[in-house]
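# Observations on the model geometry
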There are 2 protein chains.
Amino acid sequence: MEYRLSTEWTSGIAFETEVDGFTVALDSAAEGIGKGPSPKKLMIISLLGCTGMDVVSLMEKMRVPFTAFRIEAVAPLTDEHPKVFKSVHLKYIVTGQKIKREKVEKSIILSQERYCGVSIMMKKHCPVTWELVIVEQ
Amino acid sequence: MEYRLSTEWTSGIAFETEVDGFTVALDSAAEGIGKGPSPKKLMIISLLGCTGMDVVSLMEKMRVPFTAFRIEAVAPLTDEHPKVFKSVHLKYIVTGQKIKREKVEKSIILSQERYCGVSIMMKKHCPVTWELVIVEQ
C-alpha cells in the first residue's frame with residue numbers, strides 16, 4: 001500500500017490538496033494571508049487524530065463508557081531554522097461516569113507503543129509524552 | 001514559541017480540530033465513515049505544504065517566472081503495525097517559460113536541507129527523496 005498525494009500552489013504561499021473527496025488548504029499565519037492552517041500545525045493535528053482514533057477504537061473494544069474525548073497537544077518549537085518540534089506533550093481528556101483509568105491507560109499505551117504510526121514516526125525526531133485526565137461527569 | 005492544539009472526538013473514530021479559524025476534520029477511509037482524510041495522509045500534506053511554501057518563497061526571491069507549481073508525493077507504507085512510511089518521494093513540477101533549472105534546484109535543496117522543518121523531522125524516520133520536472137509552457 002502506498003499513498004499518492006498531490007498539492008497545487010494557488011497563490012501567495014498557499015496550497016491546496018485534494019484528498020479522499022476533501023480539499024485541504026494550507027497557508028502560513030505568519031507570512032501568508034490566512035487561507036488555511038500552517039503545515040507544522042497540520043502535522044500535530046495528524047498526530048492527534050492518529051492516536052485519537054486508536055484510543056477511541058480501543059476504548060470501544062474495552063467497553064469504556066466515555067461520553068466525550070479530547071486530546072490537547074503542547075509542542076514547543078526551536079527558535080532557529082529548521083524550525084522543528086523540541087517535544088510534544090499530549091493530554092488525553094476522557095469524560096464519562098465510572099471510567100476505569102487502567103483501561104484508558106492501556107489504550108493509550110497500545111496506541112503510543114504499537115499502533116499509532118504518526119506517534120512512532122514523530123518519536124524518531126523528539127520525545128512524545130502524555131498524561132491522562134479523567135473527568136467524572 | 002509553541003503550538004497548542006486540541007482535537008475533539010465527534011463520532012465513530014472522527015475528530016475535529018479548530019486551528020487558525022479553520023476546522024480540520026479527520027476520519028479513516030478504511031474504518032470510519034468518511035468525514036475527513038486520514039491522519040497519515042494529513043502528515044504527507046503537511047510535508048508537501050511545508051516544502052512547497054519554502055520553494056515558492058525562494059523562487060519568488062530568485063525571480064523564477066513560474067506560472068504553476070505542483071508537488072506530487074509517493075509514500076509506501078509498511079504492511080505491519082505500526083504502519084509507517086517506508087520512504088517518501090517528492091516530485092516538484094514547475095511550469096513556466098524560460099525557467100532556470102539551477103535556480104529551482106537551489107530552492108528545493110535549501111528547503112530540503114535547511115528550512116523545511118517537516119521534511120527534516122520526517123527524514124529522522126525514513127528517506128525523503130525528490131526530483132524536479134520543469135514544464136515549459
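### Considerations on the overall build of chain A
From N to C terminus, chain A includes three helices and six strands. Written out in order from the N terminus, the α and β elements of chain A read β-β-β-α-β-β-α-α-β. Referenced to the eigenvectors of the C-alpha coordinate spread, the extents of chain A come out at roughly 50 × 35 × 35 Å. For chain A, the residues scored as buried account for 54% of the 137 residues in total. Within chain A, contacts between residues at least 6 apart in sequence are counted, and of these 53% link residues at least 24 apart. Here chain A has roughly 6200 Å² of accessible surface; of this, 50% comes from carbon and sulfur atoms. The centroid of the 18 positive side-chain charges in chain A is displaced by 8 Å from the centroid of its 17 negative side-chain charges.

### So, the relation of the copies chain A and chain B
Mapping chain A onto chain B calls for a rotation angle of 180° and an axial translation of 0.0 Å; the resulting RMSD is 0.0 Å. Put plainly, the chains are arranged around a two-fold axis. Looking at chain A, 100% of its interface residues are interface residues in chain B too, so the copies touch through the same face.

### As for the side chain of Ser38 of chain A
Turning to its location among the elements, Ser38 of chain A is positioned in the loop between strand E3 (22–26) and helix H1 (39–61). Here Ser38 of chain A falls in the buried class, since its relative accessible area comes to 9%. The residues contacting Ser38 of chain A, other than those within four sequence positions of it, are Leu26 and Asp27 of chain A together with Tyr3 and Asp20 of chain B.

### Let's talk about the interface of chain A and chain B
On the side of chain B, 67 residues touch chain A, which itself brings 67 residues to the contact. Of the roughly 6300 Å² buried where chain A meets chain B, counting both sides, 71% is carbon and sulfur surface. Three residues, Tyr3, Met53 and Met121 of chain A, lead the burial of chain A against chain B; their summed loss comes to 13% of the area buried on that side. The interface formed by chain A and chain B contains two salt bridges. With a shortest N-O distance of 2.8 Å, Asp20 of chain B and Lys41 of chain A are connected by a salt bridge.

### Focus on H1 of chain A
In an α-helix, one turn spans 3.6 residues; hence positions three or four apart end up facing the same way. With 23 residues, H1 of chain A ought to run about 33 Å at 1.5 Å a step, and its terminal C-alpha atoms sit 33 Å apart, in line with that. At the exit of H1 of chain A stands Arg63 of chain A, carrying a positive phi of roughly 55°.

### Describing the nonpolar core
The nonpolar side chains of a soluble globular protein tend to be buried, and buried together. Of all hydrophobic cores here, the largest spans 92 residues; its most connected members are Phe69, Phe85 and Val88 of chain A together with Phe69, Phe85 and Val88 of chain B. Residue contacts for Phe85 of chain A: discarding those within four places in its chain leaves Lys40, Met43, Ile44, Ala75, Pro76, Leu77, Met122, His125 and Cys126 of chain A together with Tyr3 and Met121 of chain B.

### Topic: the packing of aromatic side chains
Applying the stated criterion across every chain, the model contains 10 aromatic pairs over all chains. For the pair Phe69 of chain A and Phe15 of chain B, a centre-to-centre distance of 5.9 Å together with 75° between the ring planes defines the contact as edge-to-face. With Phe69 of chain A in strand E4 (residues 66–76) and Phe15 of chain B in strand E2 (residues 14–19), this pair bridges two chains. Judged by its relative accessible area of 1%, Phe69 of chain A falls in the buried class. Here Phe15 of chain B falls in the buried class, since its relative accessible area comes to 1%. The rings of Phe15 of chain A together with Phe69, Tyr92 and Trp130 of chain B are connected pair by pair, giving a single aromatic cluster.

### Some remarks on unusual backbone geometry
Residue and element names in this part refer to chain A. In this structure, the amide linkage connecting His81 to the following residue, Pro82, adopts the cis form with an omega of -10°. Tracing the sequence through the fold places Pro82 in the loop between E4 and strand E5 (88–96). The phi dihedral of Arg63 is positive, around 55°, even though this residue is not glycine. You can see Arg63 is positioned in the loop between H1 and E4. With a relative accessible area of 73%, Arg63 lands in the exposed category. Of note in the backbone geometry, Lys98 takes a positive phi value of approximately 55° without being a glycine.

### Overview of the environment of Asp20 of chain B
Looking at the element boundaries, Asp20 of chain B is found in the loop between E2 and strand E3 (22–26). There is a polar contact of 2.8 Å between the side chain of Asp20 of chain B and the side chain of Lys41 of chain A.

### Re the pairing of strand E1 (residues 2–11) of chain A
As judged from the seven bridges shared by E1 of chain A and strand E4 (residues 66–76) of chain B, these two strands associate in the antiparallel manner. Among the inter-strand pairings, Ser6 of chain A is bridged to a residue of E4 of chain B, identified as Glu72 of chain B. As paired strands, E1 of chain A and strand E2 (residues 14–19) of chain A are joined by four bridges and run antiparallel to one another. Paired with Thr7 of chain A across the two strands is Thr17 of chain A, which belongs to E2 of chain A.

What counts, and at which threshold
- Residues numbered from 1 in each chain as written.
- Chains lettered and ligands numbered in written order.
- Predicted model: local features only at pLDDT ≥ 70, side-chain atom pairs only at ≥ 80, totals over all residues.
- Heavy atoms only, no water.
- Helix = DSSP H or I, 4+ residues; strand = E, 2+ residues; numbered from the N terminus.
- Buried < 20%, exposed > 50% of the residue type's maximum accessible area, 1.4 Å probe, protein only.
- Contact = heavy atoms within 4.5 Å.
- Areas by Shrake-Rupley, 256 points an atom, 1.4 Å probe, with all protein chains shown as cover.
- Lys, Arg positive; Asp, Glu negative; His and termini not counted.
- Charge placed at Lys NZ, Arg CZ, Asp CG, Glu CD.
- Least-squares fit on C-alpha atoms with pLDDT ≥ 70 in both.
- Buried area = accessible area lost by both parts, 1.4 Å probe.
- Salt bridge = Lys/Arg side-chain N within 4 Å of Asp/Glu carboxyl O.
- Expected span 1.5 Å × (residues − 1).
- Core = buried A, V, L, I, M, F, W, Y, C linked by side-chain atoms within 4.5 Å.
- Phe/Tyr/Trp six-rings, centres within 6.5 Å; stacked < 30°, edge-to-face > 60°.
- Polar contact = N/O pair within 3.5 Å; in protein donor to acceptor, adjacent residues only side chain to side chain.
- Pairing = 2+ DSSP bridges.

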